[in-house]
Amino acid sequence: MLPVDLPDTVRDALLAPLVDHHCHGVRRDDLGRAQFELLIGEGAGLAPPGTTHFDTPFGAAVRRWCAPLLDLEPHAPPAVYLARRAELGAGEVNRRLLAGAGVVAFLVDGAQEDVQGDRSGEFPEAAELLGAAEMGRHGGAAADELVRIERIERDVAETAQLAVDYLDDLGEELAVRAARAVGLKTVIGSRYGLDLDPVRPSRGAVIAAANRRLADPKERLTDPVLLHYLLWSAVDVARERGLPVQFHTGFGGPPGRGAAEPFRADPARLTAFAGALQPLGVPMILLHCYPFHRQAAYLAGAFPHVYVDVGLALPHTAAASARVVDELLELAPFHKQLFSSGCRGLAETGYLGALYHRRALAAALGSRVAAGEWSASDAARVAHMIGSGNARRVYRL
Amino acid sequence: MLPVDLPDTVRDALLAPLVDHHCHGVRRDDLGRAQFELLIGEGAGLAPPGTTHFDTPFGAAVRRWCAPLLDLEPHAPPAVYLARRAELGAGEVNRRLLAGAGVVAFLVDGAQEDVQGDRSGEFPEAAELLGAAEMGRHGGAAADELVRIERIERDVAETAQLAVDYLDDLGEELAVRAARAVGLKTVIGSRYGLDLDPVRPSRGAVIAAANRRLADPKERLTDPVLLHYLLWSAVDVARERGLPVQFHTGFGGPPGRGAAEPFRADPARLTAFAGALQPLGVPMILLHCYPFHRQAAYLAGAFPHVYVDVGLALPHTAAASARVVDELLELAPFHKQLFSSGCRGLAETGYLGALYHRRALAAALGSRVAAGEWSASDAARVAHMIGSGNARRVYRL
Amino acid sequence: MLPVDLPDTVRDALLAPLVDHHCHGVRRDDLGRAQFELLIGEGAGLAPPGTTHFDTPFGAAVRRWCAPLLDLEPHAPPAVYLARRAELGAGEVNRRLLAGAGVVAFLVDGAQEDVQGDRSGEFPEAAELLGAAEMGRHGGAAADELVRIERIERDVAETAQLAVDYLDDLGEELAVRAARAVGLKTVIGSRYGLDLDPVRPSRGAVIAAANRRLADPKERLTDPVLLHYLLWSAVDVARERGLPVQFHTGFGGPPGRGAAEPFRADPARLTAFAGALQPLGVPMILLHCYPFHRQAAYLAGAFPHVYVDVGLALPHTAAASARVVDELLELAPFHKQLFSSGCRGLAETGYLGALYHRRALAAALGSRVAAGEWSASDAARVAHMIGSGNARRVYRL
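Note that the structure is predicted; figures quoted are calculated from it, not measured. (Residues numbered from 1 in each chain as written. Chains lettered and ligands numbered in written order. Predicted model: local features only at pLDDT ≥ 70, side-chain atom pairs only at ≥ 80, totals over all residues. Heavy atoms only, no water.)

What to know about the overall build of chain A
A tally of helices and strands in chain A yields 17 helices and 7 strands. Expected size for 397 residues packed as a compact globule is a radius of gyration near 21 Å; at 21 Å, chain A falls within 12% of this value. Dimensions of chain A, computed from the C-alpha atoms along their principal axes, are close to 60 × 45 × 35 Å. Within chain A, the fraction of its 397 residues that count as buried is 65%. Sequence separation of at least 24 residues holds for 76% of the intrachain contacts in chain A that already meet a minimum separation of 6. Per element, the accessible surface of chain A, about 12,500 Å² overall, is 52% carbon and sulfur. Here chain A contributes 41 positively and 48 negatively charged side chains, and the mean placements of these two sets differ by 2 Å. (Helix = DSSP H or I, 4+ residues; strand = E, 2+ residues; numbered from the N terminus. Rg over C-alpha atoms; globule rule 2.2 N^0.38 Å. Buried < 20%, exposed > 50% of the residue type's maximum accessible area, 1.4 Å probe, protein only. Contact = heavy atoms within 4.5 Å. Areas by Shrake-Rupley, 256 points an atom, 1.4 Å probe, with all protein chains shown as cover. Lys, Arg positive; Asp, Glu negative; His and termini not counted. Charge placed at Lys NZ, Arg CZ, Asp CG, Glu CD.)

Observations regarding the pattern of salt bridges
All names here are of chain A. In the structure shown here, the tally under the stated rule is 81 salt bridges over all chains. Among the salt bridges present, the one from Asp 195 reaches Arg 269, with a minimum N-O distance of 3.3 Å. You can see Asp 195 sitting in the loop between α9 (188-191) and α10 (203-215) and its partner Arg 269 sitting in the loop between β5 (245-249) and α12 (271-277), a full 74 residues away along the chain. Overall, the relative accessible area of 27% leaves Asp 195 in the partly exposed class. The shortest N-O distance in the salt bridge between Asp 378 and Arg 381 comes to 3.3 Å. In this pair, Asp 378 and Arg 381 are both assigned in helix α17 (residues 376-395), 3 residues apart and thus about one turn of the helix distant. Exposure remark for Asp 378: the relative accessible area of 11% places this residue in the buried category. (Salt bridge = Lys/Arg side-chain N within 4 Å of Asp/Glu carboxyl O.)

Notes on the sheet that holds strand β7 (residues 306-308) of chain A
Hydrogen bonds along the backbone pair up the strands of a sheet, which may run parallel or antiparallel. Residue and element names in this part refer to chain A. Within the open sheet, the 7 strands sit side by side as β1-β2-β3-β4-β5-β6-β7. Their pairing is parallel. In the strand order of this sheet, the two ends are held by β1 (18-23) and β7, each with one partner. Each strand axis lies, on average, 25° off the axis of its neighbour in the sheet, ignoring direction. Where strand β2 (residues 103-109) meets strand β3 (residues 142-148), 5 bridges bridge the pair, whose relative direction is parallel. (Pairing = 2+ DSSP bridges. Axes fitted to C-alpha atoms, helices over the stretch in contact; angles between N-to-C directions.)

Let's talk about the interface of chain A and chain B
On the chain B side, the residues contacting the 35 residues of chain A number 34 residues. Summed over both partners, the interface of chain A with chain B comes to about 3,000 Å²; 56% of that surface belongs to carbon and sulfur atoms. In this structure, the salt-bridge partner of Glu 327 of chain A is Arg 294 of chain B, at a minimum N-O distance of 2.9 Å. Taken together, chain A and chain B are joined by 11 residue pairs in polar contact (both at pLDDT 80 or more). At the level of secondary structure, the elements contributing two or more residues to the side of chain A that touches chain B comprise α3 (57-69), α14 (313-317), α15 (321-328) and α16 (347-370) of chain A. (Buried area = accessible area lost by both parts, 1.4 Å probe. Polar contact = N/O pair within 3.5 Å; in protein donor to acceptor, adjacent residues only side chain to side chain.)

Considerations on a negative patch on the surface
Side chains of Asp 165, Asp 168, Glu 172 and Glu 173 of chain A sit close together on the surface and give a patch of like negative charge. Secondary-structure assignment places Asp 165 of chain A in helix α8 (residues 163-179). (Patch = residues over 30% accessible without salt bridge, like charges linked within 9 Å, V, L, I, M, F, W, Y side chains within 5 Å.)

What about the sheet that holds strand β6 (residues 284-288) of chain C?
All names here are of chain C. What the 7 strands build is an open sheet, ordered β1-β2-β3-β4-β5-β6-β7; its pairing is parallel. Edge strands, defined here as strands with exactly one partner in the open sheet, are β1 (18-23) and β7 (306-308). Between one strand axis and the next, the sheet turns by 25° as a mean value, whatever way the strands run. Alignment of β1 against strand β2 (residues 103-109), held across 4 bridges, turns out to be parallel. Within β2, the residue paired with Leu 18 across the bridge is Val 103.

Side note on the relation of the copies chain A and chain C
Mapping chain A onto chain C calls for a screw motion: a turn of 120° about the axis and a shift of 0.0 Å along it, with 0.0 Å RMSD after fitting. Here the transformation between the copies is reduced to the relation of a three-fold axis. In terms of proximity to the rotation axis, the leading residue of chain A is Arg 323 of chain A, whose C-alpha is 5.7 Å off the axis. Little of the interface of chain A is mirrored in chain C: 6% of its interface residues are interface residues there too. (Least-squares fit on C-alpha atoms with pLDDT ≥ 70 in both.)

Structural notes on the environment of Gly 250 of chain A
All names here are of chain A. Note on placement: Gly 250 falls in the loop between β5 and α12. Among the residues examined, Gly 250 registers a relative accessible area of 8% and is labelled buried. Taking C-alpha positions, Gly 250 is 6.3 Å from Phe 292, a pair spaced 42 residues apart along the chain. When sequence neighbours within four positions are dropped, the list of residues in contact with Gly 250 reads Ala 265, Cys 289, Tyr 290 and Phe 292.

Observations regarding the environment of Gln 278 of chain A
Mapped onto the secondary structure, Gln 278 of chain A falls in the loop between α12 and β6 (284-288). Between the C-alpha atom of Gln 278 of chain A and that of Gly 193 of chain A, which follows or precedes it by 85 residues, the distance is 20 Å.

Here we look at the confidence of the model for chain A
Residues and elements named next belong to chain A. Across chain A, the average pLDDT comes to 93, with 94% of residues at or above 70. In the model, residues 115-121 has pLDDT below 50 throughout and makes 12 contacts with residues more than four positions away in sequence or in other chains. With pTM at 0.96, the complex prediction returns an ipTM value of 0.95. (pLDDT = per-residue confidence, 0-100.)

Focus on the packing of helix α1 (residues 8-15) of chain A against α17 of chain A
Residue and element names in this part refer to chain A. Put simply, α1 and α17 touch, their axes get as near as 8 Å, and they point 0° apart. By the angle between their directions, the pair α1 and α17 is classed as roughly parallel. Contact residues: Thr 9, Val 10, Ala 13 and Leu 14 in α1; Ala 376, Ala 379, Ala 380, Ala 383 and His 384 in α17. The residue inventory of the contact of α1 with α17, partitioned by class, reads 7 nonpolar, 2 polar and no charged. (Parallel < 35°, antiparallel > 145°, perpendicular 65-115°, else oblique. Nonpolar A, V, L, I, M, F, W, Y, C, P; charged D, E, K, R; others polar.)

Here's the deal with the side chain of Glu 37 of chain A
Position of Glu 37 of chain A relative to the elements: it lies in helix α2 (residues 33-40). Ignoring anything within four residues of it in the chain, the contact list for Glu 37 of chain A reads Leu 46, Ala 47, Thr 52, His 53 and Phe 54 of chain A.

Some details on the pairing of β3 of chain A
The pairing of β3 of chain A with strand β4 (residues 183-186) of chain A spans 3 bridges and is parallel. Paired with Arg 148 of chain A across the strands is Lys 185 of chain A, a residue of β4 of chain A.

Things to note about the relation of the copies chain A and chain B
Here chain A sits on chain B after a turn of 120° about the axis and a move of 0.0 Å along it, with an RMSD of 0.0 Å. A share of only 6% of interface residues in chain A that are also interface residues in chain B marks the association as one of differing surfaces.

Examining the packing of aromatic side chains
As enumerated under the stated definition, the model contains 21 aromatic pairs over all chains in all. Taking the centre distance of 6.2 Å and the plane angle of 80° together, the rings of Tyr 298 of chain A and Phe 251 of chain C count as edge-to-face. Of the two residues, Tyr 298 of chain A sits in helix α13 (residues 293-302) while Phe 251 of chain C sits in the loop between β5 (245-249) and α12 (271-277), which places them in two different chains. A residue is classified by how much of its surface remains accessible, and Tyr 298 of chain A, at 11% relative accessible area, is buried. Note on Phe 251 of chain C: relative accessible area 6%, which makes it buried. Ring centres of Phe 251 of chain C and Tyr 290 of chain C lie 5.7 Å apart, and the angle between their planes is 70°; this geometry places the pair in the edge-to-face category. Within this pair, whereas Phe 251 of chain C is found in the loop between β5 and α12, its partner Tyr 290 of chain C is found in the loop between β6 and α13 (293-302), the two being separated by 39 residues in sequence. The exposure classification of Phe 251 of chain C matches that of Tyr 290 of chain C, with both residues buried. (Phe/Tyr/Trp six-rings, centres within 6.5 Å; stacked < 30°, edge-to-face > 60°.)

This is the structure we're talking about:
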């Protein structure tokens, strides 16, 4: 599984169980070709006629690495892979792939995508996804929950009658949900952008925005005042309970449909907001980050409370993921890097995320040890920190 | 020519004829040292005293790879290279280099640069450049035309008297020119930027802008309303005729002289506009993209109608081009990548573009096959798609 | 010291003495663990409890490469390293590290950081740092001065009474200081950003801003009008005396505390301003640039008066620095690249900057020669240009 010769200690550290600190549930039902392609496409819709999403780095990786776990030869054609997947059934496939990831704990964002209009078919309903406990059971691992704050807001907006109730309910619901979670998560980067105001919105502006919101509570929340208010409320809860807040940054998620521009999800834009949070001591965890992972690495070095991963970038850059990990290692402190698969819908992503994390880190550490830059014991220690140690410390697992 | 050991099928696929889907004509006349340096410089003017544009990756590549085609040793000094070039004559040199590129079809943007003021000397007049048919004849290849829409606007502005005629003529001329072309091309990225309004400008605003335009028709068009109108008119024509629209993005072209900031040509800024074009099904092709090619690769994966190349970046990054190609392969679907040389003025660029495309892709595919990540037959298939298959499909060649 | 087999001429060129064209003084006093960690952190403050700034690429590099110069084994633990450092004393350590860098001339920015509020403890006072002449003496090298223009402004603001005096004094002081310096330097990138107005501010606006400034002369200058005025005044002086102006760009320095967003320090934003300076012929030198070094390389190729280095990025990316250097070589002309360590406070940075410059360039040149892309004599020539030749020409040393 590891691409290079490594000292035993480094190899052992890389093969040790991982904490997957950010993932979603995978589909519990059997998937047809179109459904599978939609999930590979990560919001891109179906591939144009005459083409297939299997002709991507991710698709090639599924055929190379997941096929053998389904008793097929590496590089099995897509049709063969999907036929075998159907034959085994989703339950068995999920068990093989999630257990194959070698994960000791999943931290699961159980909120489904909040997609409007004609694309809702592309995103699974919550009921179709394994919940946190099921993810753990399938993967032979512990499981904990992450609270997606924009999802809580949607529930509150649909039930509250008055602005003041809406705001009270929001605070209460955040506190209740956070009490049984290990972290909070925001997708404000894809709703608004990451150039967040470092000053809290005024009470008056929030009340006014809440009144507007309640006039149309089923719409996806895009009001900047309420998005900021929600985030600050989450920060307060996080501070009280000693929880970190995850920020979706960089690529991932469907663009161009009421979503913010991808360049507004550049984590470098978080700088002023990160400066405002620093005195509160609430850990900020930057997810995915690609292709802005160098900027994220810089922030992780510049702020004591900022952490970073390249999550979904690894299974999606696949055969090229070693460079992405190596670029993160250019500047990010070793005690600030985490592993996540970012998997959603497909257990393949969970398996490939773990696989490429180990392979890419093996290449990075192996080359440093071979060049005499690092000692083997330091390399092993860093592998352990990134794979699980840092997550245990930050999430208090 | 290929830098690594490859399975025969992969080697054959890489050496197969290419479709160069975006280039300009090359100079038909013999070039002195100053002229040659100006063309190497790509709009940068002459090198400072005591220095030479040969001291660039491109210059080193000319000496290494083009010299042998002129019967010289690799790494021939600049003066020797230019003397031999003059001795052979431009016609013979162009034939050797263009034929050496191994191209089966050139798609040619025949519009010369529309440069104002004291820099006009740096850019060849159209009469000095080979036309599309001549490019094909010199290179032993077919040739088709691309329509630069900003060039059409200039012609129309110079002849129309009334705003309403100007707008009618624009639509008519676009339709006439598109009827004998395989694609349209816009340089709005360097005139205005790529953060385009996803909504068409109003008729009133367009008329007003057209009136302003006709008061000063010889100026280079920089009015945002008319640039947007022109682009939307081109989109309509493209949709009707099933043609793609090329967007100049990223580096290339002279900065700082009435041109947009290079960071405004970041293709990520096209996201909202790409979302607006998606329902129309008009293919958008992002040219060059460097150093924002990772953002472009993301868009090519996220939108079914977006395609990408790294065109001019390959001959200009030269000995370092393998990493650029490999970075594009991190995320861009294989059915969305195209080859182009972006050559303009110098046949050397056409030759080096094809050479480094093959060498860089050979390194990328070779390492994937050697690591067991891809099968040899998949690698060969991808080489064929990127080299010519995708272009044949998109341009309906 | 060099990681690859190289032809003798290339090896000799790489090992030849360097001109470190941008550094600061190093601490003259002995450093405790906390002080050393603060200086490693480059403005990030102390590492969170349970972690250490030694767990960074820079920290690993100190243990690997600096430990042997202090008679320790490579990879010595941090406590052992610091104990030995204390035992030898700061003077001896500085001499060993600075002399070990193999530098023939240091160009020194002697202005200390101008930090406000509770972080002042993190940055050394000027009195604690070696001056330019001392740097030279410790390193067995020549030394020259760079003038930090924002520092001059602070001195003038504290003494001037009237706006008109303030402006006169500014011009005079710039001229006096420039007369004994080899270059000017601005940190406007971290005070305001690099999207500078290419037009000089009006006299009226400057007078008004100067009056506001004198009402609060002890504050750090952040007024855009005065920052621009100061820069243009520096440009005038630079033009008169034939001096270059250095621009701090990219990473480095403390973020989020009244500082500009890091993405505003992207050198690509300098394009319009660079265009305005081009006719004046004043060399602009872009420092550090990371992670925007590809954009900087593009500007260095597009403008005859723009130069570039990756300064502080090399000791901080350390084991991964070869890729950074190789990316700069993708597009930057060889006659436009310079070497600097950017060292400040720690002599370790000066040593590691030179070491990784040599190692990274060795890897880049070695691979080009081995691939037949460049001749050995060209590689040696380029190593000499980047290491010292270009600096001698630009700074007229």
